[in-house]
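Overview (structure and organization)
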Amino acid sequence: MAKVGEVKLIGAWPSPFVMRPRIALNLKGVEYEFLEEKFGGKSDLLLRSNPVHKKIPVLLHADRPICESLVIVQYIDKSWPSSGPSILPSDPYDRAIARFWAAYIDEKWFPSMSGIARAQGEEAKKAAIDQVAEGLSLLEDAFGKISKGKPFFGGDAIGFLDIALGCFIGWLRVTERTQGVKLLDEAKVPGLAKWAGRFCADGAVKGVMPETEKLAEFAKLIMGKFKAPPPQ
Amino acid sequence: MSEVVKLFKTWSSAFALRVVWALQLKGIKYECVLEDISNKSDLLLQYNPVYKKVPVLLHNGRPISESLIILEYLDEIWKQNPLLPQDPHERAMARFWAKFGDEKVMPSIWTALVSEGKEQEVALAEASDHLQKLEDELRGKKFFAGDNIGYLDIALGWLTNLNRVFEEICSFKLVDGERFPLLSAWLEEFSDAPVIKDCWPPHDKLIHKYIALRQAYQEKSSST
């Protein structure tokens with residue numbers, strides 16, 4: 001077990017990327033100090049610990065920093081191998097598939113999510129929303145194949161791919177509310193819609209996934225501070 | 001049990017080359033399936049429906065895509081000549097820098113290669129900044145992985161060839177020996193290393209390809 005003070009996580013409660021290592025640490029039963037960054041600024045510790053990207057999350061394990069959320073999750077899995085379930089699948093091929101979809105989520109799907117907020121005008125917004133829905137459709141397919149009838153991508157317990165996608169559920173629900181659309185639509189992505197409920201109810205996730213209300217209020221706050229320029 | 005390994009690649013793909021290096025370094029027998037990017041085979045589309053790209057590794061009929069993910073898979077199944085370090089912290093560092101290479105270094109160098117004028121200037125400044133971080137990361141080691149080639153060397157190996165292409169097309173050194181002595185030394189070591197040196201795509205053909213890409217990019221930029 002980690003000694004007190006040995007594990008610290010620099011992050012912020014609304015960030016889905018920060019939620020990832022938090023969930024992983026919870027799955028492993030590892031106690032950690034959560035060093036919360038103030039919104040709108042970056043602490044000296046953050047800038048020193050992640051000089052390359054200057055971003056959260058950063059895990060500090062015995063004062064050594066590890067950056068990039070999915071790199072951190074894999075590090076946590078390797079560093080506490082006998083605590084809790086294995087986060088990465090045990091079969092190498094299943095691991096490759098989990099990594100593939102996690103990379104897809106970060107490189108393709110998440111940018112399409114943030115595209116919704118940036119879209120100017122009704123047409124652009126609809127196109128952005130369609131893109132997100134398309135991605136979810138692909139992920140629904142993947143869920144069917146990977147879970148093989150079990151509750152999570154990881155099987156009986158939450159795993160790497162559950163964490164990679166699940167961290168966005170709160171923000172998905174905020175988007176559904178502000179845009180008046182259903183993304184985790186039970187009709188279109190029934191597997192994922194039910195999975196989302198199970199994920200958020202899991203012991204490792206509760207307390208990390210903010211209430212949709214709280215996230216929506218935070219979203220209003222940042223939209224107010226970073227208002228998009230009016231269309232020309 | 002015989003392991004059937006196939007690799008879908010193109011003649012020039014730097015990403016597929018990573019997998020070739022890994023397969024050769026580990027002495028894994030494989031069959032090469034050469035793809036034409038302008039006319040992708042049905043098999044490629046079937047095995048990589050999400051991205052429709054090379055490389056795709058087929059192991060006993062099961063496909064894996066994305067070069068860095070393939071590297072990890074190969075390392076997990078074939079334990080000889082390990083690519084990734086065992087220590088969790090070192091593994092995390094190798095993965096971090098490989099991601100940095102793909103997400104920051106490569107795009108900035110590619111832009112610097114195909115653009116000109118102000119755009120090229122900006123891209124070059126960015127690229128230099130990124131290269132400095134790699135220089136610092138070498139810390140006097142022969143290879144990023146230490147005494148032998150490892151995951152991060154393979155992940156960054158594209159820089160070797162692209163640097164040569166850059167020098168020929170743009171007529172100046174991107175990774176110059178004065179500003180980046182360690183990185184320059186690594187480029188030489190890596191490029192001439194056994195296995196690595198036999199796999200480079202034909203130089204002249206590559207130059208032609210990049211000249212054409214550069215032309216296309218500039219035509220597109222001037223027409224917008």
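Before any of the text, the structure's been laid out above.
Residues numbered from 1 in each chain as written. Chains lettered and ligands numbered in written order. Predicted model: local features only at pLDDT ≥ 70, side-chain atom pairs only at ≥ 80, totals over all residues. Heavy atoms only, no water.

Now for helix H1 (residues 16–27) of chain A. All names here are of chain A. When the terminal C-alpha atoms of H1 are compared, their 17 Å separation across 12 residues agrees well with the 16 Å that a helix rising 1.5 Å per residue should span. Most of H1 sits out of view: 10 of its 12 residues are buried. Along H1, the positions that sit buried rather than exposed are Pro16, Val18, Met19, Arg20, Pro21, Arg22, Ile23, Ala24, Leu25 and Leu27. N-capping of H1 is provided by serine 15, with a side-chain oxygen placed 3.2 Å from the backbone N of phenylalanine 17. Just downstream of H1 lies glycine 29, where phi reads positive at about 65°. (Helix = DSSP H or I, 4+ residues; strand = E, 2+ residues; numbered from the N terminus. Expected span 1.5 Å × (residues − 1). Buried < 20%, exposed > 50% of the residue type's maximum accessible area, 1.4 Å probe, protein only. Polar contact = N/O pair within 3.5 Å; in protein donor to acceptor, adjacent residues only side chain to side chain.)

For the rest of this paragraph, the subject is unusual backbone geometry. With an omega of 5°, the peptide bond running from isoleucine 56 of chain A to proline 57 of chain A counts as cis. Mapping proline 57 of chain A onto the fold places it in the loop between helix H2 (44–49) and strand S3 (58–61). Positive phi, close to 60°, is recorded for serine 171 of chain B, a residue that is not glycine. Inspection of the secondary structure assignment puts serine 171 of chain B in the loop between helix H7 (158–170) and helix H8 (181–191).

We now examine the sheet that holds strand S1 (residues 7–11) of chain A. Residues and elements named next belong to chain A. The 4 strands are arranged S2-S1-S3-S4 in an open sheet whose pairing can be described as mixed. Both outer strands of the open sheet, strand S2 (33–36) and strand S4 (64–67), are each paired with one neighbouring strand and no more. Pairs of neighbouring strands in the sheet enclose a mean axial angle of 25°, with direction left out of account. Pairing geometry for S1 and S2, over 4 bridges, is parallel. When the sheet's bridge partners are listed, leucine 9 is paired in S2 with phenylalanine 34. Against the sheet, H1 engages S1, S2 and S3, with an angle of about 155° to S1. (Pairing = 2+ DSSP bridges. Axes fitted to C-alpha atoms, helices over the stretch in contact; angles between N-to-C directions. Contact = heavy atoms within 4.5 Å.)

What follows concerns the layout of surface pockets. Where empty space is left becomes clear once a probe the size of a water molecule has been rolled over the atoms. As a volume, the second largest pocket reaches approximately 860 Å³. Along the wall of the second largest pocket there are 37 residues; nearest its centre are Tyr93, Ile97, Trp101, Lys145 and Ile146 of chain A. Going through the elements one at a time, helix H4 (92–118), helix H5 (122–147) and helix H6 (160–166) of chain A together with helix H2 (42–47) and strand S4 (62–65) of chain B are the ones with two or more residues in the lining of the second largest pocket. Looking at the lining of the second largest pocket element by element, the count peaks at 7 residues for H4 of chain A. Among the residues forming the lining of the second largest pocket, the class breakdown is 22 nonpolar, 9 polar and 6 charged. (1 Å grid on protein atoms, 1.4 Å probe; cavity = no way out; pocket = protein on both sides within 12 Å on 5 of 7 lines; lining within 4 Å. Points joined across faces, edges and corners; volume = space filled by probe spheres on them. Nonpolar A, V, L, I, M, F, W, Y, C, P; charged D, E, K, R; others polar.)

Right, let's talk about helix H3 (residues 67–77) of chain B for a bit. With respect to burial, H3 of chain B is a largely interior element, 10 of its 11 residues being buried. Considered for burial, the residues of H3 of chain B that qualify are Ser67, Leu68, Ile69, Ile70, Leu71, Glu72, Tyr73, Leu74, Asp75 and Glu76 of chain B. Where H3 of chain B is buried, its residues touch H4 of chain A together with helix H1 (14–25), strand S3 (56–59), S4, helix H4 (88–114) and helix H6 (151–156) of chain B.

Before going further, it helps to spend a moment on the side chain of aspartate 162 of chain A. All names here are of chain A. Note that aspartate 162 resides in helix H6. Buried within the structure, aspartate 162 lacks any salt-bridge partner; arginine 198 is the closest side chain of opposite charge, at an N-O distance of 7.7 Å. Within polar-contact distance, the side chain of aspartate 162 engages the backbone nitrogen of phenylalanine 153 at 2.8 Å. Residue contacts for aspartate 162: discarding those within four places in its chain leaves Phe152, Phe153, Gly154, Ala157, Cys167, Trp195 and Phe199. (Lys, Arg positive; Asp, Glu negative; His and termini not counted. Salt bridge = Lys/Arg side-chain N within 4 Å of Asp/Glu carboxyl O.)

With that out of the way, let us pick up the environment of isoleucine 56 of chain A. Residue and element names in this part refer to chain A. Among the secondary structure elements, isoleucine 56 is positioned in the loop between H2 and S3. Separated by 76 residues in the primary sequence, isoleucine 56 and valine 132 place their C-alpha atoms 24 Å from one another. Dropping the residues within four chain positions of it, isoleucine 56 is found in contact with Ile10, Gly11, Ala12, Ser15, Val18, Glu37 and Leu46.

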